[in-house]
Structures are given as structure tokens and as C-alpha cells.
Amino acid sequence: MSIPLPDGSSLAATVALPEGEAPPGGWPGAVVVHEIYGIEPDMLDVVDLFAAHGYAAVLPDLYSHGSRIGCLARAMHQLSTGRPGRPAADIDAARAWLAGRDDVDDDRLGVIGFCMGGGFALAYAASAPPGVRAASVNYGLVPRDRDELRPVCPVVGSYGGRDQGFRSHGARLREHMRALGIEHDVEIYPAAGHSFMTDGHHPVARLALFPLSHGHVAAAADDAWRRTFVFFDEHVAGHA
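These figures come from a predicted structure and were not determined experimentally.

In this section: the pairing of strand β7 (residues 155-160). In terms of burial, β7 is a largely internal element, six of the six residues being buried. A two-sided burial pattern is seen for β7, the buried positions comprising Val155, Gly157 and Tyr159 on one face and Val156, Ser158 and Gly160 on the other. Alignment of strand β6 (residues 132-138) against β7, held across four bridges, turns out to be parallel. Paired with Val137 across the strands is Gly157, a residue of β7. Two strands pair when backbone bridges link them, and β7 and strand β8 (residues 184-189) are joined in this way by six bridges, in the parallel orientation. Its bridge partner being in β8, Val156 is matched across the sheet by Asp185. Of the crossover connections in this fold, the one passing from β7 over helix α5 (residues 167-180) to the parallel β8 is right-handed.

Below, the discussion takes up helix α7 (residues 218-237). Among all positions in α7, only Ala220, Ala221, Ala224, Trp225, Arg227, Thr228, Phe229, Phe231, Phe232, His235 and Val236 are buried. Where the residues of α7 are buried, they touch β3 (27-33), α1 (41-52), β5 (104-114), β6, β7 and β8.

Read from one edge of the open sheet, eight strands run β1-β2-β4-β3-β5-β6-β7-β8, paired in mixed fashion. Bordering the open sheet on either side are β1 (2-4) and β8, each of which pairs with just one other strand. Neighbouring strand axes in the sheet, compared pairwise and without regard to direction, differ in orientation by 20 degrees on average. The sheet contact formed by β3 and strand β4 (residues 56-60) spans three bridges and is parallel. In the strand pairing of β4, Val31 is matched with Val58. In the packing of α1 onto the sheet, the strands contacted are β2 (10-16), β3, β4 and β5, and the crossing angle to β4 comes to about 165 degrees. Strands in contact with α5 are β6, β7 and β8; relative to β8, the strand with the most contacts, it is inclined by about 155 degrees.

Calculation rules
- Residues numbered from 1 in each chain as written.
- Predicted model: local features only at pLDDT ≥ 70, side-chain atom pairs only at ≥ 80, totals over all residues.
- Heavy atoms only, no water.
- Buried < 20%, exposed > 50% of the residue type's maximum accessible area, 1.4 Å probe, protein only.
- Helix = DSSP H or I, 4+ residues; strand = E, 2+ residues; numbered from the N terminus.
- Pairing = 2+ DSSP bridges.
- Right-handed = clockwise from strand over helix to strand, strands pointing away.
- Contact = heavy atoms within 4.5 Å.
- Axes fitted to C-alpha atoms, helices over the stretch in contact; angles between N-to-C directions.

If you want it as C-alpha cells, here you go:
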């Protein structure tokens, strides 16, 4: 589908809804922020997984503005500088579109991201968007300055202990949340590396990102997803 944007352009997105009629007040909602690889089958599986758990889920394509290479370069620059301008605007457009549906409760929303999307999801949640009650940050960048995260909602995070590029960010996220007194559940799985939660097949990444020990790890993934939905069910679906 396409989500209209204020500048007259549109944002490509994929939506998955739970089966049956929405409950009174609407379903809880989730915005899924994709990995660096873009809209791949494993990210589509994530929106299906949320729908199966009773959430209306939307997956915006952050690369749907211009060429894929240009979008990727811009996104990585914005992530590295801690100023995710266009990605944050796109995530917010997806949230606003989801919140505006008659079958979605605009006061019970969450955001989840992976890899590049994990950093974007955390930065976006720290902007205190309306209705966002929890954020799931999975092997994403965490800012050094904890004050940047002071306004953030409750956070659940999952990182791999073998991920040499991002495991320190998991420890940093946990420390920031503790220092700020923000409710959180951050786990670092010793046997897992980068992108361990989704069953994606990225042969180039396995070679190029060798230090990250890239790839799906079933046991860690199963536990990370269990924790994620326990957290979202409490803070998002269960929000009064």
C-alpha cells in the first residue's frame, strides 16, 4: 500500500492485520522498522507474526524515496550522526496512518526495529511520539549520551554476545535504562551474533559482516521473541 506524505510524495508500506473483527476500541498496533537490507521476506514474516499475536502491524519501506543506494547512504549517514531526519519522519507517517485506522487503538502502539531499524526505532521512541507505549530494539545503535533517551518509553532489547559490532550497544542500552529509571528488559545472548532473530538468508552479509557473526540462532531467537511479546502485551496491548 502507499501512505501519503505531507510533501505530496508517498511511502510504500506493507500491512498485516489479525484475523476476524477488531475488538471494541480497536487492535493494538506495531510499527516495524526494517533491517539495512530493506523489505526482505524475513521482515514480512515479522508483520505476519505481530498480526498472529493480535496486533495490527505496518512495515514502511524506508528506501521508497528515490534509488535504493541513495536511500541507504542517506539512512546510514543519518543513523551515524544520531539525526534520523527522513527515516524518523517516515516512521512517524506510518505510525500516524496506523493510528488513524478505525480498527486500531491509537493509544496502544509500539515500535520495533532490527539492525539499522533498531537504532531508528530507539531514536524515534525517544521523541515521545503519541500513543507509543513500548519500543523493541534489536541489535541497534544506542547513543552514548543517555540524556538523548530520557523521554523514551519502556524498552525491550535483544543483542548477540558474538556480535562484535553491536554487543557493546546492548550493554550501553541496559546501563542507560537503569540510570534513567526507565522500565526495560535488555538481554545479550552469548551464543548469538547479528540478525539472529529473523530467518533471513543474506549470503553477502555473512561474508562482508563476518565480525558480527551474522545469522539466525533459533534458541536465542525464540527466547527474544517470547520476551518481546510478553513486554508488548504488558505495555502496549495491556495499556489502560
